[in-house]
Amino acid sequence: MLFNSLEFLCFFPIVCLVYFIIPHKFRWVWLLISSYVFYMGWNAAYALLLLFSTTVTWLTGLGVDKIEKTRSRKALLAAGITANLSILFVFKYFGFFMDTLYSVWDALGVEYSEVQLSLVLPVGISFYTFQAIGYCIDVYRKKTPVQRNFGKYALFVSFFPQLVAGPIERSYNLIPQFEEKHYFSPERTASGLRLMLWGFFKKIVIADTVCVAVNRVYNNVEEFKGIPLIFATFLFTIQIFCDFSGYSDIARGCARIMGFRLMRNFDHPYFSSSIREFWQRWHISLSTWFKDYVYIPLGGNRKGKHRTSLNLLITFLVSGLWHGANWTFIAWGGFHAILQIIERYTKGFFDKLAEKTHFDRVPALRTAIKVFITFCLVCFGWIFFRANTMHDALYVIANLFNITEISKDAVYTILKMMFETRAEVYRLLLTLPVFIVASFIDKKWSINKVFLKQGSAMRFAMYVVIVTYILLAARADVQDFIYFQF
C-alpha cells in the first residue's frame, strides 16, 4: 500500500478513528493488525518473512537478557543476527553473489552449472531487518530493556508509518511510546497533516516530475552526452531527496497525528559544508545505525588516522551494499568513504591555507564555497547510485563534460528530448524554482513556522493552492518511492 495511493487515503483515517475510539489497552493490538494489513497490501506471503524476522529477534533478545555468561550471550546474539541476515542474503544478495562468482569462474575458465533463484525482493526488508537487529544489540548492551510481550515487540518491528522505508527507529525510543496514553489533539493533528502535506508535495509535485527526465536519460545513457547527462544527474539529486525525505515526512506526520514521535531523518543535507556533515544530515537513522553498530565496534576513530580510514571504508562499503545488490552501490559507498578520508587528512592544510589567504575573515564566503563543492561532489556520487550498471556509470562520467554547444535553442531541444510532452517541460520549469525557494525558506525559517505566522485566511488559501497543485501534478501511473527497493 503506497502512501501516495487512494487506498492509503482511505486506510489511514480509519486506522486513526478506531485508534482513538477504542480503550488504550487494546490500541497496540489494533496498530499491529493495521500494520500487517498495510504490509500485506504488497504481497501477503511476505508477511511471513516479517513474522520470521520478528520471532527470531524477539527470542534472541529474551535469551541474551536471561543468559549471564558473556561468551554464551555473544554466541546467541551472533546466531540471532546471522539468522536474520540470512533472509536478506537469500532474497536480496543471492543472485548478486552467484553472478559475481560466475564472472570469476568465467575468468578462470572453470566449468559450472548456473543456479537460478527467481525471487521478488520483499518491500522494506532491509529496514525492518536492521531495526530488529539494532534491538538485539541494544538488549545485549543493556541500552534497552527486553520486551517480553511478543505482540508489542512485533508492533515495534512492523509499525506501519515507518515499516517499509524508515526512519529506522531505536527500540528505546519507540517501544515506550506504545505504553503512553495518546489523546486526540487538534493542534497535533494539524501539525501532522502539514508535515504529510509537505511530504506529498515533495514526492508528487517535485520527485515525480523530475523522474521523467531522469529515467529517460539514465535508462538510455548512450543516447546522450554532455548537458543532458549533467542535467539528469542534477535532477536525480533533487529527485532522490524529495522522494525519500517526502516519504519520511509523511511517515512522521502519520505517526504524529496518533501521538507518536519518530526521529527526523533529514536535516537539509544539501546545505552541508563537508561530506562528513552531509552524512550527519542525510538518512540520519541509517547513518547513526551504521555508526553505532558497525563503525564504533570496528574501533571508530580511537586507533589513529589509518585505522579510522579503514573503518570508514568498511562502513561505507557495507552501507553501499545495504542499498542494493549491485557494484554501482558499492562504488557509491566507496566514493563517499574516500571523500571523507581525504577530508580528514587535508582539513588541517585547508584551515592553514584559509588563514594565510585571509579567507577565514570572510566566513560566509568560505562556507558558501564549501557548500557548493560538497554539493557538486554529492551530485557526482549520485551517478553511481542511479546508473543501472557500472558500464553506464563509467559512460556517464566519461561523457559528462562532452559539451558541443550551449544555446537557448540547444537547451530547449535537450529538454524536449528528455521529456515526453511540452507540458512536462513547463511543469519542470515551474517546479525547479519552487523547490529551490522552498528549500531556502525551510532552511532559514522552517516551512511549518512560515505557515503558522500567516493569518487563518492566508493559511487556508495556501493549503488550497498546495493541494490543488498536488492533484494537478499527480501522475496517472502512481510512482513507487525510490527506497522501497531497499
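Residues numbered from 1 in each chain as written. Predicted model: local features only at pLDDT ≥ 70, side-chain atom pairs only at ≥ 80, totals over all residues. Heavy atoms only, no water.

I'd love a proper account of the overall build of the protein chain, names of residues and values included.
Within the protein chain one finds 19 helices and zero strands. The globule rule puts the C-alpha radius of gyration for 486 residues at 23 Å, and the 24 Å found for the protein chain is close to it. With respect to the three principal axes, the spread of C-alpha positions in the protein chain is 70 × 70 × 55 Å. Across the 486 residues in the protein chain, those meeting the buried criterion constitute 52%. In the protein chain, the share of contacts with a sequence separation of at least 24, taken over all contacts with a separation of at least 6, comes to 75%. Total accessible area on the protein chain stands at roughly 23400 Å², and carbon and sulfur atoms take up 66% of it. (Helix = DSSP H or I, 4+ residues; strand = E, 2+ residues; numbered from the N terminus. Rg over C-alpha atoms; globule rule 2.2 N^0.38 Å. Buried < 20%, exposed > 50% of the residue type's maximum accessible area, 1.4 Å probe, protein only. Contact = heavy atoms within 4.5 Å. Areas by Shrake-Rupley, 256 points an atom, 1.4 Å probe, with all protein chains shown as cover.)

Explain the nonpolar core residue by residue, including any values.
Judged by nonpolar contacts, the single largest core of 138 residues is most densely connected at Phe8, Phe159, Met258, Trp282, Trp382 and Tyr483. At 16 residues, helix H9 (residues 227–258) tops the list of elements feeding residues into this core. Other than its neighbours up to four places away in sequence, Phe8 contacts Met1, Leu2, Phe3, Pro13, Phe38, Phe160, Met196 and Cys254. (Core = buried A, V, L, I, M, F, W, Y, C linked by side-chain atoms within 4.5 Å.)

So what's going on with the layout of surface pockets? Residues and values would help.
Within this model, the second largest pocket holds a volume of roughly 810 Å³. Lining the second largest pocket are 23 residues, and of these Ser273, Glu343, Thr346, Phe350 and Lys370 lie nearest its centre. Counting residues per element, the ones that place at least two in the lining of the second largest pocket are helix H10 (275–281), helix H13 (327–356) and helix H14 (363–386). Ranked by residue count, the leading element in the lining of the second largest pocket is H13, at eleven residues. (1 Å grid on protein atoms, 1.4 Å probe; cavity = no way out; pocket = protein on both sides within 12 Å on 5 of 7 lines; lining within 4 Å. Points joined across faces, edges and corners; volume = space filled by probe spheres on them.)

Describe helix H5 (residues 125–140), and please don't skip the residues or the numbers.
Over its 16 residues, H5 extends 23 Å from the first C-alpha to the last, a length consistent with the 22 Å expected when each residue adds 1.5 Å. Most of H5 is tucked away: 16 of the 16 residues are buried. (Expected span 1.5 Å × (residues − 1).)

For the pattern of salt bridges, give the residues involved together with the corresponding values.
When the charged atoms of two side chains with opposite charge come close together, those side chains can pair. A full pass over the atoms with the stated rule returns twelve salt bridges. We note a salt bridge from Arg281 to Glu277, for which the minimum N-O separation is 2.8 Å. One end of the pair, Arg281, and the other, Glu277, are both in helix H10, four residues apart, so they sit about a helical turn from each other. Overall, Arg281 belongs to the buried group, its relative accessible area being 18%. Bridged by salt links that share partners, the residues Arg264, Asp267, Glu277 and Arg281 form one connected network. (Salt bridge = Lys/Arg side-chain N within 4 Å of Asp/Glu carboxyl O.)

How would you sum up H9? Please name residues and give values.
If you check H9, its first and last C-alpha atoms are 47 Å apart, about what 32 residues at 1.5 Å a residue would give, namely 46 Å. Burial analysis of H9 places 28 of its 32 residues in the buried class, which makes it a mostly covered element. Positive backbone phi, approximately 105°, marks Gly259, located one or two places after H9.

Now, about the packing of aromatic side chains: what can you tell me, with residues and values included?
In this description, an aromatic ring pair is defined by two values, namely the gap between the centres and the angle between the planes. Counting across every chain of the model gives 69 aromatic pairs. Centre to centre, the rings of Tyr270 and Phe375 are 5.4 Å apart; their planes meet at 85°, and the pair counts as edge-to-face. Remark: Phe375 occurs in helix H14 and Tyr270 occurs in the loop between H9 and H10; sequence separation between them is 105 residues. Positioned above the aromatic ring of Phe271 is the side chain of Lys443, whose terminal nitrogen or guanidinium carbon lies 5.8 Å from the ring centre. (Phe/Tyr/Trp six-rings, centres within 6.5 Å; stacked < 30°, edge-to-face > 60°. Lys NZ or Arg CZ within 6 Å of the ring centre and 35° of its normal.)

Residues and numbers for the side chain of Gln239, please.
Mapped onto the secondary structure, Gln239 falls in helix H9. Exposure remark for Gln239: the relative accessible area of 7% places this residue in the buried category. Not counting the four nearest positions on each side in its chain, Gln239 is found in contact with Ala207, Val210, Cys211, Val214 and Ile482.

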